[in-house]
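# Descriptive structure summary
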Amino acid sequence: MSERSGGHSDVVFRRTDARVGELAVRRLDPEADAPVVHAWVTHPKAVFWMMQDADVARVEQEYREIVGHPHRDAFLGLVNGRPAFLAERYDPARVELAGLYDAEEGDAGMHFLCAPAETPVHGFTLAVITTVMELLFADPATRRVVVEPDVRNTAVHALNAAVGFEVVGTVAKPEKDALLSVCTRERFLAATRERFLAATREATA
């Protein structure tokens, strides 16, 4: 995974989805991106992001801390050139889940959030989570992706299962009860392959 030249628009990962179009990921710029991200994280649909009452300054400060942290990263996702999702990568053995689960070498933690859509696009969130997973697994050091969504967030549980996550159990965190789930590189590739074959069968039926 290598950054390309070009300043603010540097893309670190890119893929094309048959339904959604071109998805690209660049590093998040806390100052420039704060107004857009603020609109997303304070939207009612982003209640599990736990920033409903944040102002733009707080969002900027939050992401300054994330991008400046040695064990965290933040990215802005574009769909067909327009900002459309947020992704975070972290080391779950050192932050978020430190001491709360059996960490393994090569674990990468992940959060993602899609921009609220006026007109939902079928397969959009699946295309986004697939892109974020491919971004993480593009690093050969990543062996598993670890997530800890709120136990009440049933929509994301289903999405996680669709890309190969297995539920490990419930973890009590200070801010929530989380459904700890992990996905190995092999399980992700198998789930992706199954979806591709199903789509091919559907297209030729």
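Structure: above.
The following paragraphs examine the structure supplied in this document. For every chain, the first residue of its written sequence is number 1, and the numbers climb from 1 along that sequence. Whole-chain, interface and lining totals are the exception, using all residues; otherwise, since this is a predicted model, local features are given only for residues with pLDDT of at least 70 and side-chain atom pairs are given and counted only at 80 or more. Hydrogen atoms and water are omitted, and side-chain values are computed over all heavy atoms in the structure.

### Observations concerning the overall build of the chain
Using the following cut-off: Runs of E in the DSSP output that reach at least two residues are strands. Runs of H or I that reach at least four are helices, and both are numbered from the N terminus. Put simply, the radius of gyration uses C-alpha atoms, and a globule should come to 2.2 Å times the residue count raised to 0.38. Contacts were defined at the residue level, with two residues in contact if any of their heavy atoms lie within 4.5 Å. Working definition of accessibility: Shrake-Rupley area with a 1.4 Å probe, residue cover restricted to the visible protein chains. Here Asp and Glu are counted as negative and Lys and Arg as positive; His is not counted, and neither are the chain ends. Charge positions come from single atoms, namely NZ of Lys, CZ of Arg, CG of Asp or CD of Glu.
Helix and strand counts for the chain come out as 5 helices and 8 strands. For the chain, the α and β elements follow one another from N to C terminus as β-β-α-α-β-β-β-α-β-α-β-β-α. Relative to the 2.2 N^0.38 estimate, which gives 17 Å for 205 residues, the radius of gyration of the chain is 17 Å and therefore close to what a compact globule would have. Each principal axis of the C-alpha distribution contributes one length, and for the chain these read about 50 × 40 × 35 Å. Look at the contacts in the chain between residues 6 or more apart in sequence, and 57% of them connect residues 24 or more apart. Put simply, the chain shows about 10800 Å² of open surface, and 52% of that area lies on carbon and sulfur atoms. Taken together, the 23 basic and 31 acidic charged side chains of the chain have centroids lying 5 Å from each other.

### Some remarks on the environment of Val-182
The topology assignment puts Val-182 in strand 8 (residues 177–184). Separated by 161 residues in sequence, Val-182 and Gly-21 have C-alpha atoms that sit 28 Å apart. Apart from the residues lying within four places of it in its own chain, the contact partners of Val-182 are Arg-144, Val-145, Val-146, Gly-164, Phe-165, Glu-166 and Val-168.

### Focus on the layout of surface pockets
Our working rule: In this analysis, the protein atoms alone were mapped onto a 1 Å grid. Cavities are point sets where a 1.4 Å probe fits without being able to get out; pockets are open sets with protein on both sides within 12 Å along at least five of seven lines; lining residues have an atom within 4 Å of a point. Grid points are joined across faces, edges and corners, and a volume is the space filled by probe spheres set on the points. Think of it as three bins: nonpolar holds Ala, Val, Leu, Ile, Met, Phe, Trp, Tyr, Cys and Pro, charged holds Asp, Glu, Lys and Arg, and polar takes everything else, Gly as well.
In this structure, the largest pocket occupies an estimated 1200 Å³ of space. Listed by contribution, the elements that provide at least two residues to the lining of the largest pocket are helix 2 (56–67), strand 5 (107–114), helix 3 (124–137) and helix 4 (154–162). Tallied by class, the residues present in the lining of the largest pocket amount to 23 nonpolar, 6 polar and 12 charged.

### Concerning helix 2
Going by this rule: Here the expected length of a helix is defined as 1.5 Å per residue gap, with one fewer gap than residues. Relative accessibility under 20% of the residue-type maximum defines a buried residue, over 50% an exposed one, and the middle range a partly exposed one, all with a 1.4 Å probe and only protein chains included. Relevant arc is that of directions from the helix axis to the C-beta atoms, nothing else.
Look at helix 2: 16 Å from first C-alpha to last across 12 residues, which is about the 16 Å you get at 1.5 Å a residue. Of the positions making up helix 2, those classed as buried are Val-59, Tyr-63 and Ile-66. Viewed end-on, helix 2 has its buried residues packed into an arc of 50 degrees, placing them on one side of the element. Summarising the contacts, the buried residues of helix 2 are in contact with helix 1 (30–41), strand 3 (72–79) and strand 4 (82–90).

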